[in-house]
Amino acid sequence: MADAQRGNAEAYRALLDDIGPELMGFLRARVPDSQDVGDLYQETFLALHRSRHTYEAPRPVEPWLFAIAAHVVARHLRRRRTRIGREVLVGVLPEEAMAEGGYARLQLAQALDRLPPTHREAIELVKLEGLSTEAAAARVGTTPGALRVRAHRAYSALRRLLGS
Amino acid sequence: MQTPPTHERLVAQLIADVQPVRPLWSPRTRLALWLALQTLTLGVAVELGLRQDLGDHLRQPLFLLEVGALVVAGAMAAAVALRGAVPGMASGRLAVTVLLLLGSAAVALVSLEPVVTIRSSWGFVARGAVCVICILGYAAIPWSVLFVAVRRGAPLDAPVVGVCAGTAALLFAAAAVRIACPIDEALHLLTWHAMPVALGAALSGVAGARWLDRWREA
């Protein structure tokens, strides 16, 4: 990233290619609609490009990148909540929503939306993205112990919300 | 995990636009520079202040604790604002809690000052207005500098960063005016020193929401 800040196009390309799949995993774990994931992927890359001067070498790129991505997702979810609050959803095709476990995914997304942000983040990283506790803790900037507590509480809350 | 089909085109567009950028100075460096500016502010307050008994007051623990709490809380608020302008570096709840505790401690210490009966409402307001003007005057340049500094970054929570920038500048200004103002009455200090800080910080939050949110266009 430091090379990209100096205008090195090859280093910038390598970085963007490198973070692409990881960013995709991050977005897919948080956003149920695949159409939205594509839009948010683009939006995150543009946001990253516009704020690349804020990256501070030699700190790891991941916390910086995922803070931007989390912000883009949070904005999207806020917009979506506002839109859903105003709309009557009559155009949804039930067959489409039910395909490939769509209903279960929707229920899970709704339950995750109701968790406190830190708990949601913990369970998404550990349970949905499958990161180790240490890797997830490093990503959110906390200790593995604290992350385990958050994930445990989030898991208990999810079980209550999903009624099982 | 696959990237979307638009990845190649998107990367090509971004690379076509890649220009060298000057990395932001670290929050620590920018905080140090801002604190140097604030040291000047406090120096001006000592030099131009109306208080004749400053030497005596500097030996009073309550006075020193009041000014100390204001200065430390101001420095912490500035640190929170500057860190909040860098993605992934935002301060945790602990820093914000300590900041709130220090601010509350400053208010609690001020309320320990003697309460004097107000003889003339006009005099109370007139003397208070001078303090409010001085606080706003002392805060104007540091607030502008801090606001521009955080705007150069990319604050993710613009209103909170705005509140912190306002709080930082106004707490230092309140400390400067506390040094300069010869009135040591709890009601005067709470009304004309503490209230402008609270209101000004709220206004700074509004300004932050309006002018610090760079993500709207992203």
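Residues numbered from 1 in each chain as written. Chains lettered and ligands numbered in written order. Predicted model: local features only at pLDDT ≥ 70, side-chain atom pairs only at ≥ 80, totals over all residues. Heavy atoms only, no water.

1. A few points about the packing of aromatic side chains
All names here are of chain A. Overall, the coordinates contain 6 aromatic pairs over all chains when judged by the stated rule. Between Tyr41 and Phe45, the ring centres sit 4.8 Å apart and the planes meet at 25 degrees, which makes this aromatic pair stacked. Here Phe45 and Tyr41 lie together in helix α3 (residues 34-50), a separation of 4 residues that amounts to about one turn. The residues Tyr41 and Phe45 share a single accessibility class, namely buried. Directly above the aromatic system of Phe26 lies the positively charged group of Arg30, at a separation of 3.7 Å from the ring centroid. Lying across the ring of Phe66, Arg139 places its NZ or CZ 3.9 Å from the centre. (Phe/Tyr/Trp six-rings, centres within 6.5 Å; stacked < 30°, edge-to-face > 60°. Helix = DSSP H or I, 4+ residues; strand = E, 2+ residues; numbered from the N terminus. Buried < 20%, exposed > 50% of the residue type's maximum accessible area, 1.4 Å probe, protein only. Lys NZ or Arg CZ within 6 Å of the ring centre and 35° of its normal.)

2. A look at the interface of chain B and chain A
For interface size, the figure often reported is the accessible area lost on association. Counting from both sides, the interface comprises 37 residues of chain B and, opposite them, 36 residues of chain A. Taken together, the connections running from chain B to chain A amount to 2 salt bridges. The shortest N-O distance in the salt bridge between Arg75(A) and Asp213(B) comes to 3.3 Å. Run the count over chain B and chain A and you get 10 residue pairs in polar contact (both at pLDDT 80 or more). It is helix α1 (residues 7-16) of chain B that contributes the most residues to the side of chain B that touches chain A, 7 residues altogether. Partitioning the side of chain B that touches chain A into residue classes produces 21 nonpolar, 7 polar and 9 charged. (Contact = heavy atoms within 4.5 Å. Salt bridge = Lys/Arg side-chain N within 4 Å of Asp/Glu carboxyl O. Polar contact = N/O pair within 3.5 Å; in protein donor to acceptor, adjacent residues only side chain to side chain. Nonpolar A, V, L, I, M, F, W, Y, C, P; charged D, E, K, R; others polar.)

3. Some details on the side chain of His49(A)
Relative to the helices and strands, His49(A) is located in helix α3. At 2.7 Å, the side chain of His49(A) forms a polar contact with the side chain of Tyr12(A).

4. Describing the confidence of the model for chain A
Averaged over every residue, the pLDDT of chain A is 81; the share at 70 or more is 88%. Within chain A, helix α2 (residues 9-30) of chain A carries the highest mean pLDDT (88), whereas helix α5 (residues 94-98) of chain A carries the lowest (53). (pLDDT = per-residue confidence, 0-100.)

5. Some words on the packing of helix α2 (residues 27-48) of chain B against helix α4 (residues 61-84) of chain B
The relative placement of two packed helices comes down to the angle between their axes together with the axis-to-axis distance. Residue and element names in this part refer to chain B. In contact at an axis separation of 10 Å, α2 and α4 are set at 145 degrees when each is read in the N-to-C sense. Pair α2 / α4 crosses with right-handed handedness. Two secondary-structure elements touch here, α2 through Pro27, Arg30, Leu31, Trp34, Leu35 and Leu42 and α4 through Val71, Gly74, Ala75, Ala78, Ala79, Leu82 and Arg83. (Axes fitted to C-alpha atoms, helices over the stretch in contact; angles between N-to-C directions. Left-handed = near helix turned anticlockwise from the far one by under 90°.)

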